[in-house]
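# What the coordinates show
Take a look at the letters that make up each chain.
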Amino acid sequence: MAKNMIIGQSGGPTAVINASLAGALEYAFGCDEIDTVYGMVHGIQGLLEDNVINLTEHFAHKPSRLNRLSLTPAMFLGSCRFKLSQKEDEYEQIIKELKKYDISYFFYIGGNDSMDTVEKLSQYVAQNNIDIKVVGIPKTIDNDLMGIDHSPGFASAAKYVALAVRNVAYDTAIYNIKSVHIIEAMGRDAGWLAAASVLARDSENESPHLIYLPEVPFSIEKFISDIQRKLKEYNSVIVVVSEGIRDENGEYISARSDNVDKFGHKRLSGVGAYLQGVVEEKIGCKVRSLELSVLQRSAGHTASLTDITEAQNLGMIAVKAALNGESGVFSTLRRTSNSPYSVEYYTERVGVVANAEKTVPRHWINADGNDVTKEMLEYLKPLVRGVAQIPYRDGLPDYVNISHLDNRNQRYTEDEKI
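Residues numbered from 1 in each chain as written. Predicted model: local features only at pLDDT ≥ 70, side-chain atom pairs only at ≥ 80, totals over all residues. Heavy atoms only, no water.

## With respect to the overall build of the protein
When its secondary structure is counted, the protein shows 13 helices and 15 strands. Computed over C-alpha atoms, the radius of gyration of the protein comes to 22 Å, within 12% of the 22 Å expected from 2.2 N^0.38 for 418 residues, which places it in the range of a compact globule. Judged by the C-alpha coordinates and their principal axes, the protein covers about 75 × 45 × 45 Å. Sorting the 418 residues of the protein into buried and exposed places 56% on the buried side. Residue pairs at least 24 apart in sequence account for 76% of intrachain contacts in the protein once pairs closer than 6 positions are excluded. Of the side-chain charges in the protein, 44 are positive and 55 negative, and the distance between the mean point of each set is 3 Å. (Helix = DSSP H or I, 4+ residues; strand = E, 2+ residues; numbered from the N terminus. Rg over C-alpha atoms; globule rule 2.2 N^0.38 Å. Buried < 20%, exposed > 50% of the residue type's maximum accessible area, 1.4 Å probe, protein only. Contact = heavy atoms within 4.5 Å. Lys, Arg positive; Asp, Glu negative; His and termini not counted. Charge placed at Lys NZ, Arg CZ, Asp CG, Glu CD.)

## Notes on the pairing of strand β5 (residues 133-138)
Of all the six residues making up β5, five are buried; the element is thus mostly covered by neighbouring parts of the structure. As paired elements, strand β4 (residues 103-110) and β5 share six bridges and run parallel to each other. Its bridge partner being in β5, F106 is matched across the sheet by V134. Tracing the backbone out of β4, into helix α6 (residues 112-127) and back to the parallel element β5 gives a crossover that is right-handed. The pairing of β5 with strand β12 (residues 329-338) spans two bridges and is classified as parallel. Bridged to V135 within β12 is V329. (Pairing = 2+ DSSP bridges. Right-handed = clockwise from strand over helix to strand, strands pointing away.)

## Re helix α7 (residues 154-172)
The end-to-end C-alpha distance of α7 is 27 Å, a good match for the 27 Å that 19 residues give at a rise of 1.5 Å each. Burial analysis of α7 places 14 of its 19 residues in the buried class, the great majority of the element. (Expected span 1.5 Å × (residues − 1).)

## Structural notes on the environment of V372
Following the sequence through the fold, V372 ends up in the loop between β13 (341-349) and α12 (374-380). The spatial distance from the C-alpha of V372 to the C-alpha of I402 is 39 Å, given a sequence separation of 30 residues.

## Details of the sheet that holds β5
Taken in spatial order, the seven strands of this open sheet run β3-β2-β1-β4-β5-β12-β13, and their pairing is mixed. Lying at the two open borders of the sheet, with one neighbouring strand each, are β3 (52-54) and β13. Averaged over neighbouring strand pairs, the angle between their axes works out to 30° when direction is ignored. Note that strand β1 (residues 3-9) and strand β2 (residues 34-40) share four bridges and pair parallel. Across the sheet, the residue bridging to I7 is G39, located in β2. (Axes fitted to C-alpha atoms, helices over the stretch in contact; angles between N-to-C directions.)

## Regarding the side chain of S207
By the secondary structure assignment, S207 is in the loop between α8 (192-195) and β7 (210-212). Apart from the residues within four sequence positions on either side, S207 is in contact with V165, A169, A200, R201 and I238.

## Details of the nonpolar core
Counting residues in each nonpolar core, the largest one holds 40 residues, and the members touching the most others are F154, W192, L193, L213, M376, Y379 and L380. Elements with a contribution of two residues or more to this core: α7, β6 (179-185), α8, β8 (236-242) and α12. The greatest single-element share of this core, amounting to eleven residues, is contributed by α7. Core analysis: the next-biggest nonpolar cluster, separate from the first, contains 33 residues, V52, V118, L121 and I132 among them. (Core = buried A, V, L, I, M, F, W, Y, C linked by side-chain atoms within 4.5 Å.)

## Section: the environment of S304
Relative to the helices and strands, S304 is located in the loop between β11 (286-291) and α11 (305-323). For S304, a relative accessible area of 0% gives the class buried. Between the C-alpha atoms of S304 and S156, which are 148 residues apart in sequence, the distance is 4.9 Å. Setting aside anything within four residues of it in sequence, one finds S304 in contact with A155, S156, K159, L383, V384, R385 and G386. A distance of 2.7 Å separates the side chain of S304 from the backbone oxygen of L383, its partner in a polar contact. (Polar contact = N/O pair within 3.5 Å; in protein donor to acceptor, adjacent residues only side chain to side chain.)

## Digging into the sheet that holds β8
One open sheet accounts for four strands, arranged β7-β8-β6-β11; its pairing is parallel. Sheet topology places β7 and β11 at the edges, where each strand pairs with a single neighbour. Averaged over all pairs of adjacent strands, the angle between strand axes in this sheet comes to 15°, irrespective of strand direction. In this sheet, β8 lies alongside β6 in parallel orientation, the contact comprising seven bridges. Within the sheet, the bridge partner assigned to H181 lies in β8 and is I238. Against the sheet, helix α9 (residues 220-231) engages β6, β7 and β8, with an angle of about 165° to β7.

## Concerning the confidence of the model for the protein
Interpretation of this model should avoid reading the predicted coordinates in detail wherever pLDDT is low. Averaged over every residue, the pLDDT of the protein is 92; the share at 70 or more is 94%. For residues 409-418, every residue scores under 50 in pLDDT, and the model assigns this stretch 23 contacts once sequence neighbours within four places are set aside. (pLDDT = per-residue confidence, 0-100.)

## A closer look at the pattern of salt bridges
The tally for this structure, following the rule as stated, stands at 15 salt bridges. Linking R166 and D202 is a salt bridge whose minimum nitrogen-to-oxygen distance equals 3.3 Å. A residue pair is termed long-range when its members are at least 10 positions apart, and R166 in helix α7 and D202 in the loop between α8 and β7 qualify at 36 residues. Take R166: its relative accessible area is 27%, and that puts it in the partly exposed class. (Salt bridge = Lys/Arg side-chain N within 4 Å of Asp/Glu carboxyl O.)

See below:
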């Protein structure tokens, strides 16, 4: 007898998280073991509020719509920042909602904190002999997930960072004046995205000239010295910094220390702007800071085809694992070769990734702590290859409509919204 499944998305968006959703749906629609597929709108929090939609009605037997979904950035189902507590009634409410929709398979697409939800829920159903398989599907632009070679979403964000640096390099090269451009990339504790800026370099472009990651203590004095040295060699110096760079005492260079989110993470703001002021004061040349901010998260128009394909496959692998009786795991991949590039897919215990963090290996950062090594470049190169054939309308990408996430938008029917 066929059973129902439910899937949700959580945490920060990426350019390919919907590709994982599309991959999971495609596999589910082709299985006799699965009847109806539901979606949690705004993650586990939406489930607790009974905010659920029927994904089978909207995507089954509609390959063109499913393809558009896989090429649409951010989260079709919406997100939440909700951390499961240890309260018994919270789990009881979740199970009540799942039973209401006759759910036997539960999937959650997300990062570290989302995998914590997968681990807790899988443990609860196991301890209470509830027949629901709980499986995670990884994502994050930060590339800080343990148990996977690289996280879906990272490659596309890395590609965007590299493109931004190269474009800035061309823009600044036209002026015969001394200038410094500081580009701030996301990365609270792991500097993978800032490191990815090295992809902008080629035989004709040496930018970025300096790269600073949170894995190495940051010194203002050395930073100024590094720039002064580069200004002797170049008119325009381009610097990339992670938002989470910190000093030798472990203090963030720019953070509102009294402002934290519900997970206890300090809210970071404006390290690029702060360093701009430092350079203006210490050096006095023309200087600008550029914060890529959310632009690097959901740039679907520059998404890596490799990233999209792997995200889809990880969605499929997760559903296959659940149908094979696995629970408390997440779909993952390991690299088997750089040249030619290849990966293999498998599942891993979700405890490996839940609340853990993968940082840049120290030996992939140069001795001076202001650049990355050849090993980092070789790791990154295969991930950004390929260009997706994104549909366009009126000159702009034709993404799947997500107006159903706006509670004020009541004038559309469900079909029109999706």
